[in-house]
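Summary of the model geometry
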Amino acid sequence: MKRIIFTLLICLLLTSAFSQRGADSLVVKIDSLGSSLNIEKNTFIYIDSAGLYPAGDIPLTAFTPLQDFADRKDVPKRHFNKPLYLQFSLQNVSGTPQEFYFYPGMFYDNIMLYQRTAKGLEKIAGANSNKGVVYLKVPAGKPHTFLLKLTFSQTEYERIKAVIVNPDFLQNFIMELSNSHRDKRIASYILCGVLLMMILFTLVNYFLSYKIEFLYHCAFSVCMFFLIFFSSYLNRMPGWFTAFFMSYLDLIFLIVGTIFYLAFIRRFLDTKHNHVVLDKLFKVEAWILAVLMLVFTYVHFTNGTSILGMIIENSMKILALLIGTVFIVKGLRHKDRLMQYLAMGSAAQIFFSIISLLIILTGVYTSSLLTSALFYFELGIIMAVFFFLLGLAYKNRRDLIEKTQEQEATKLEVEKKIFETKLAVINAQQEERNRISADMHDDLGAGMTTIRLFSELAKSKMGDTAMPEIEKISTSANELLNKMNAIIWSMSSSNDTLGNMVAYIRSYALEYFDNTGIDCRIKLPDQLPELVVAGEIRRNVFLVVKEALNNIVKHSGATEVMINLQLENNALSLTIHDTGKGIDFEKIRQFGNGLKNMKKRMDEVGIEFYIENDHGTVVKLLRSLEGLL
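Everything quoted here is computed from the prediction, not taken from an experiment.

Summing up its helical and strand segments, the protein chain has 14 helices and 16 strands in all. Counting every position in the protein chain, which comprises 629 residues, the buried fraction comes to 42%. The long-range fraction of contacts in the protein chain, counting pairs at least 24 apart against all pairs at least 6 apart in sequence, stands at 75%. Carbon and sulfur atoms provide 60% of the accessible area of the protein chain, an area that totals close to 34,700 Å².

This is how it looks when you write it as structure tokens:
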């Protein structure tokens, strides 16, 4: 047992001596430098996990070779809020002072440079670290030992390196770091172009419709644009802004974009009226995310990198994931296709985000595009945008149909009101016609009948004494009474049928040819169609028939007349054919005005008028059945 304890003590003493000697003796001698020089094997590291020492009091025995630090390529989060020290020694053997830059890796919030001297540890002012590298000026002669105090930023890709860079090649060195993932960057820029088009597209839609949901989606696209653009552009690029973006700004873009997307969904789906529970859930989520984002901002700028900040960050992501899952389940189960499109977009985004997270957790870091966590995150956003466009196309189509239906309904309503107005006017006119016809029948008809009776009575009292004036009074009263009856018949709305018009014309024709020596025959269809015939049409047709019958009696010399009413190819025709000498169109002047008036009357009501000579005069009236409705 004593031998074992003694052996362990010897090993510990030797290890301590090696660390002391390693930190002091592994000096990098520099005469000239090409572009850069990796000095990890000459660099020592110490992480003050317990916060035991100020920078100047750290014993040399606490440092270990950087090459032996297993976590230098992927620093675990437990070291993020602990001071990190790198120590290295440089000797300028060129004879003149040399300038260099020291690259400690990515990503750091603070970098402070010290130099060990005989008086102790002295802070070197003016060591510009804004670009993620530290300026060194090494005088010629003896070795100089430098100490670098670093504070990690809270990112997922921390690296510890030790590289000396020639100032003339600094820009090329930084470009080589960032260009190692060129394919990933090109893919990101393509997606940024798509998002830029989406921003312009939503802005155009907003200015065309002034719907606030397009402005919300535009703000979401802007946040995603900056998130992806800077994530790609700053990838593996050292500098203070990279550290600030990776540790704080990327999360802010993500959360603010999520809040705008929630506002977009609420307005786009009108969840306030259509999905009340979902609307309240989204509203609560937006407020919680906003409050947590403010708390995270306070913690970040007061405590720097801390476990509390990571807890808040993860809480926001978990909350967004849970509410997103609820929306996906509810959206896919709902019958609203618009909601289903957005739910499928959210599902795709979450799916690819999970793949991205798995790549980060497994630590698969290669230059291949298929192993890029950022690429799958971007792919999720592309799918969300794709389904949004599908939903927008569906919504526009649905809105167009609804708008068209609304316009048609409005048009029908206007037409209905116009029709009702016209109908009211027609009814008022018809009532006035009925009133006038009733007054004529009651007052004028009674007067004409009285005049006729008195004239007949006077004739009977005079016996054989003839007075032509009284005979004329009786005849005129009788004719006037017949004309008045015809006017009353045409004005009464109760007679507005085809059957009534035909019956009246038949009765008038038979009575008219009575005692004229002309045989009148009337042929009618077995069944007349039930049609409404307006009073104006009935009156004009009757007057034309009356004029035609009057011409037959006066001018034709006929012994027979045939009146034929028949259906011809969905049209109704009325033909009056006498057996007289027929019309002589060369001598038409003697009753030319009558024919012109007949044609004019038919033209006014849209009835075709024909007259010809075919073994007597033929007068034909023709009109489609639709025209009589």
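On we go.
The strand order across the open sheet built from five strands is β12-β13-β14-β16-β15, with neighbouring strands paired in mixed fashion. Edge positions in the open sheet fall to β12 (519–523) and β15 (608–613), since each of these has one partner strand only. Strand-to-strand twist in this sheet, taken as the mean axis angle between neighbours without regard to direction, amounts to 10°. As defined by bridge partners, strand β14 (residues 571–578) adjoins strand β16 (residues 617–624) across seven bridges and the pair is classed as antiparallel. The residue bridging Thr 575 from the neighbouring strand is Lys 620, located in β16. Its contacts with the sheet put helix α12 (residues 498–512) on β12, β13 (560–567) and β14, and the angle it makes with β12 is roughly 165°. Contacts from helix α13 (residues 535–556) reach β13, β14, β15 and β16 within the one sheet, and its direction differs from that of β14 by about 20°.

Below, the discussion takes up the environment of Tyr 103. Residue placement: Tyr 103 occurs in strand β6 (residues 98–103). Among all residues touching Tyr 103, those that are not within four sequence positions of it are Gly 132, Val 133, Lys 161, Ala 162, Val 163, Val 165, Phe 173, Leu 177 and Pro 238.

Only a minority of non-glycine residues have a phi that is not negative, and only a minority of peptide bonds are not trans. For Tyr 210, which is not glycine, the phi torsion reads 55° and is therefore positive. Within the fold, Tyr 210 resides in the loop between α3 (182–209) and α4 (212–233). Backbone geometry at His 615 places phi at a positive 55°, although glycine is not the residue there. Structurally, the position occupied by His 615 is in the loop between β15 and β16. Residue classification places His 615 among the exposed residues on the basis of a relative accessible area of 72%.

Under the criterion given, the structure shown has one cavity of 30 Å³ or more. Space inside the largest cavity adds up to approximately 250 Å³. For the largest cavity, the lining is made up of 22 residues, of which Met 501, Val 541, Leu 565, Leu 572 and Leu 574 are closest to its centre. Elements with a minimum of two residues in the lining of the largest cavity: α12, β12, α13, β13, β14 and β16. It is α12 that provides the largest number of residues to the lining of the largest cavity, a total of five residues.

Nonpolar side chains tend to gather and get buried jointly when the protein is soluble and globular. With 68 residues, the main nonpolar core has Tyr 103, Leu 195, Phe 245, Ile 265, Met 316, Phe 327 and Leu 342 as its most contacted residues. Examining the composition of this core, we find that 14 residues originate from one element, helix α5 (residues 240–268), more than from any other. Those residues in contact with Phe 245, other than ones at most four positions away along the chain, are Phe 226, Leu 227, Phe 230, Ser 231, Leu 234, Asp 250 and Phe 253.

Between its first and last C-alpha atoms α13 spans 30 Å; for 22 residues at 1.5 Å apiece the expected length is 32 Å, and the two agree. Positive backbone phi, at 70°, marks Gly 557, one or two positions downstream of α13.

Bringing the pattern of salt bridges into the picture now. Evaluated as defined, the whole model comprises eight salt bridges. The salt bridge involving Lys 317 is made with Glu 313; its shortest N-O contact spans 3.0 Å. Residue Lys 317 and its partner Glu 313 are located together in helix α8 (residues 307–333), separated by four residues, close to a single helical turn. Take Glu 313: its relative accessible area is 14%, and that puts it in the buried class.

Strands pair in a sheet through their backbones, by hydrogen bonds, and they do so in one of two ways: parallel or antiparallel. Across the sheet, which stays open at both edges, the four strands sit in the order β2-β11-β6-β9 with antiparallel pairing between neighbours. Strands with a single pairing partner mark the edges of an open sheet, and in this sheet they are β2 (36–38) and β9 (134–138). Strand-to-strand twist of the sheet, defined as the mean angle between neighbouring strand axes without regard to direction, takes the value 30°. Here β2 pairs with strand β11 (residues 163–165) via three bridges, running antiparallel. Each bridged residue has a counterpart across the sheet, and for Ser 36 the counterpart in β11 is Val 165.

Procedures and definitions
Residues numbered from 1 in each chain as written. Predicted model: local features only at pLDDT ≥ 70, side-chain atom pairs only at ≥ 80, totals over all residues. Heavy atoms only, no water. Helix = DSSP H or I, 4+ residues; strand = E, 2+ residues; numbered from the N terminus. Buried < 20%, exposed > 50% of the residue type's maximum accessible area, 1.4 Å probe, protein only. Contact = heavy atoms within 4.5 Å. Areas by Shrake-Rupley, 256 points an atom, 1.4 Å probe, with all protein chains shown as cover. Pairing = 2+ DSSP bridges. Axes fitted to C-alpha atoms, helices over the stretch in contact; angles between N-to-C directions. 1 Å grid on protein atoms, 1.4 Å probe; cavity = no way out; pocket = protein on both sides within 12 Å on 5 of 7 lines; lining within 4 Å. Points joined across faces, edges and corners; volume = space filled by probe spheres on them. Core = buried A, V, L, I, M, F, W, Y, C linked by side-chain atoms within 4.5 Å. Expected span 1.5 Å × (residues − 1). Salt bridge = Lys/Arg side-chain N within 4 Å of Asp/Glu carboxyl O.

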